[in-house]
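Observations on the three-dimensional arrangement
The lines below spell out each chain.
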Amino acid sequence: MDYLDQLEAEAIYILREVAGQFDRPALLFSGGKDSICLVHLALKAFRPGKFPFPLVHVDTGHNFQEVLNYRDQIVSEIGEKLIIRKVEDTIIQRNLQDGKGKFPSRNVLQTYTLLDVIEEFEFDACIGGARRDEEKARAKERIFSVRDEFGQWDPKKQRPEIWDIYNGRVDKGENVRVFPISNWTELDVWNYIKREKIELPSIYFTHKRDCLITENGQLMNINQFIQLDENDTIVTRNVRYRTVGDMTCTAAVESVASSVDEIIDEITETKISERGATRMDDRASEAAMEDRKKNGYF
Amino acid sequence: MKLLRFFTAGNVDDGKSTLIGRLLYDSKSISTDILETLTKQSKSAGFNTEIDLALLTDGLRAEREQGITIDVAYKYFTTDKRKFIIADTPGHAQYTRNMFTGASNTDLAIILIDARNGITEQTKRHSIITGTLAIPHILICVNKMDLVDFKEEVFEQIKKDYLAFAEPLGIKKISFIPVSALAGDNVVNKSEKINWYKGTTLFDFLENVEIDHEETSKESRFQVQYVIRPQTDELHDYRGYAGSILSGTFRKGDKISIYPLDSQTTIEKIEKNGLEVHEAHAGEPIIIHLSDDLDVSRGSTILPFNQSIQNDNNIEATICWMDNKSFQNGQKLIFQQNSFTSKAVIKEVIGKINIHSYKVEEGEGQIQLNELCKVHIKTAENVSFDSYKHNRKTGAFILINENTNNTVAAGVIL
C-alpha cells in the first residue's frame, strides 16, 4: 500500500469505529479542506448507507461567503443532515461579550456554541479534522480524545491508546473528540485532494483581494468586522487561503497558485508553517492552543 | 512512496528529543516561523549559542517547565524516498504506559543509550517492551559520543553488552549507530570525528531500512466493525459487513467460517471504495457480503473455512498494567480486541516479568502501574484469537475498567 492508501485506510477504520461504538456521534464540518476530506472519507466508509451521524457547523458569523456556498452545495449533493448553530445566538442567549479590538475574533466564543450544541443533541462523539502536524499541543493529543462534562482536555490524564484499539467508553455527559486524520500533514491533505479530485471552495486558489497589512506583515481580508484606521496600509494582491476560519483572524498568503498541482509545489517549497502563516490566534502565546483545548476547544 | 512508523525511547536526558530535533533540523523539515519561536525560547531558557532542539517536541507547558517529555509527541517528515511518522516517547519510568502507546503501531524502535552510562534499567525496560510488542527491528543509537572522545572501544563495549542482554528477547534484527545528537554527528551528516565507523548515518538508515510490514501471519483474518444496511427502497436487501482486513487476503467466492457463531458460508461480493473487487488484502477497508443471512455483527471474526483460529474464554497473556491504581482482585474488566468486546476478569497472576533478567518471577502482591505480568484471563464470551507472535492484529487486546472506563492494561496473547 502507498502511504496515502495507508492514511486513508486508517481514517476509514477510525470513522467506522465511531459508528460502531457511539450512540450519538457528529461530524464537525467547517467547510475547510480538512473537514471536506473527512466528508469524502465518510462517503468511502459508509456508502451506500447513510452517514451514521449529522454534520455540525458551528457558525462564527465571520465566514467567507464562498465557504458557506460550498457547504450548502455539498450538503445538498450528498443528502446528509446538517445542523447549524450560530455563535451570534450564543452571544445573545448567554449575554457574552463579543470579540473586541481591531480584529474581533470569535475563536474563543465558538467554544461556547460547540459545547452548547453537544449538550443540546447529547453528542457522545465529535469527529474533527485536526491534525497533529498543525501545532505542538495537537501533536500530543490522542485520536480518541476524552473530554469531561465541561469539554475540557486534560493532557496529563490521556488514556493510553495502544495499537489501533480505540476505547471510546465514556459516562453520560462526557464526550470523545475523534481525529481520523491526526497523522496527515498539510501536504498529505493536498496530495489526497489531488488524487481523489476533491472540489474545494474557491478561496483556496489564487484571486485578487483587497487586504490590510498587519504589523507582522500578514495580509488580512477587509470586511465589515475589522476596524480600519486612517494609517492602515491597504493593498490589492494575488492571494489564496491556506486555512479557512474566522475571517477576522485568518490571513491570506500571497500566491498565484491556481490549481492543486501548483499549490502542492508551493507548499513543498514554502518555509513557513500553515498555522504560522495564517493564524493570529496561535501567536498570542506559546501555549495558546493547549489552553484553548483545556477549555473545550476542538 | 512508502510509510515508515518508528518510535524513539531512552533514558531521561539521553537526548531523544534532541535527536529528533536534529533529524528534523538537519533534514530541513522545520519551518522558519517555528525555528524563530524556538530560538526565542532557547534564549530565554539560557541557551546562548545553540538552539534547544528538544523544545520542538516537548509541546506541553508542563514538559517545557520540567524539561522532560511526559507524553508521546508525533512528528512527521518526508524525504524524496519516504514518509516518516515518529512517535517520540517519554523516558521517565512513570510514563512507561505512554511509551507503550507510542511504540505499539511501529515497525522500528530507536533506543538511545548515553555512551557514558551504557545500558541502564530503562534501556532494559524499553527493549523488553519492544520485544513484547514484537517490533521486528531495533536500532540502538549510542548518543553523546562527543563526551567519550568518540572512542570506538566505548561503542563496541555497549554493542557487546546489549547483544548479550537482548538475546532472549527474540528481536529479529538489531543495528547500532554511534551519534552525537547535540552536534549532529552521524544524524544527517556523516561524522568526521567518528571516522572508524563505516556504517550509514541515521538519516540514510531510515531512508533505506527494509520495512518488515508484518504480517508474519499469512492466515486471512477479517473482523466486522460495522454493519451497513441502507434500508432504502432500491437497496432493501443490502447488508454489508464493513471492516478492515487484519491479515492475509480475501476473495470473492471464498468459503469462510464466522466466529463466535461457528457457521460457514461463502463471500458473495467484496466492495472497496464503492466498487466491486475480486480480492482484497491486509490493511484495506472493505465491505463483505455473504451468501447466507446469518447473525453476524460487530466483533464477529471471518476467516477461510480451511484455516483455524483459537476460540476460547481462557486466555494466557502478558500484560502491561497502565492504571495509576494497582490491580484489585475480582476487578470487573472489559476485554477489547479490535472491535470485539467481552466482560472479563484476571483469574490469576502467574508471575511478574523481571525487567533485568526477562524471567517470570512468581510473586506476591498487587500489579502496579507500569509492571509487566503474565496472567490468566477469563472472558464471558469466547474470543477468536491467534498468539500475538503469530499475528499482531488478532493477538493484541486492551483491558478497560468497567467502572472508570479507563484503559488499564495492554496485553499480548501468548
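For clarity, every value in this text was computed on a predicted model and none was experimentally measured.

Calculation rules
- Residues numbered from 1 in each chain as written.
- Chains lettered and ligands numbered in written order.
- Predicted model: local features only at pLDDT ≥ 70, side-chain atom pairs only at ≥ 80, totals over all residues.
- Heavy atoms only, no water.
- pLDDT = per-residue confidence, 0-100.
- Helix = DSSP H or I, 4+ residues; strand = E, 2+ residues; numbered from the N terminus.
- Pairing = 2+ DSSP bridges.
- Axes fitted to C-alpha atoms, helices over the stretch in contact; angles between N-to-C directions.
- Salt bridge = Lys/Arg side-chain N within 4 Å of Asp/Glu carboxyl O.
- Buried < 20%, exposed > 50% of the residue type's maximum accessible area, 1.4 Å probe, protein only.

1. What about the confidence of the model for chain A?
Averaged over all residues, the pLDDT of chain A equals 87, while 90% of them reach at least 70. Helix H8 (residues 274-278) of chain A is the least confidently modelled element of chain A, averaging 61 in pLDDT, while strand S1 (residues 25-28) of chain A averages 98, the highest of any element.

2. Section: the sheet that holds strand S3 (residues 82-86) of chain A
Within a beta sheet, neighbouring strands are joined by backbone hydrogen bonds and run either parallel or antiparallel to one another. All names here are of chain A. Taken in spatial order, the six strands line up as S3-S2-S1-S4-S6-S5 in an open sheet, and their pairing is mixed. Only two strands of the sheet have a single partner each, and these edge strands are S3 and strand S5 (144-147). Each strand of the sheet is rotated relative to its neighbour by a mean of 30°, with strand direction disregarded. Judged from the four bridges that link them, S5 and strand S6 (residues 175-178) form a sheet pairing that is antiparallel. Each bridged residue has a counterpart across the sheet, and for Ser-145 the counterpart in S6 is Arg-177.

3. Things to note about the confidence of the model for chain B
Of all residues in chain B, 87% attain a pLDDT of 70 or more, and the chain-wide mean is 88. Of all the helices and strands in chain B, helix H2 (residues 32-44) of chain B carries the lowest mean pLDDT, 65, while strand S18 (residues 333-337) of chain B carries the highest, 98.

4. Examining the pattern of salt bridges
With the rule as written, the count across this model stands at 35 salt bridges over all chains. Here Lys-83 of chain B and Asp-188 of chain A are joined by a salt bridge, their closest N and O atoms 2.4 Å apart. Linking Lys-83 of chain B in strand S3 (residues 82-88) with Asp-188 of chain A in helix H6 (residues 186-196), this pair reaches from one chain into another. By relative accessible area, which is 0% here, Lys-83 of chain B ends up buried. Residue classification places Asp-188 of chain A among the buried positions, given a relative accessible area of 2%. When the shortest N-O distance is used, the salt bridge between Lys-194 of chain A and Asp-261 of chain A registers 2.9 Å. A residue pair is termed long-range when its members are at least 10 positions apart, and Lys-194 of chain A in helix H6 and Asp-261 of chain A in helix H7 (residues 260-269) qualify at 67 residues. Its relative accessible area of 42% is what places Lys-194 of chain A among the partly exposed residues.

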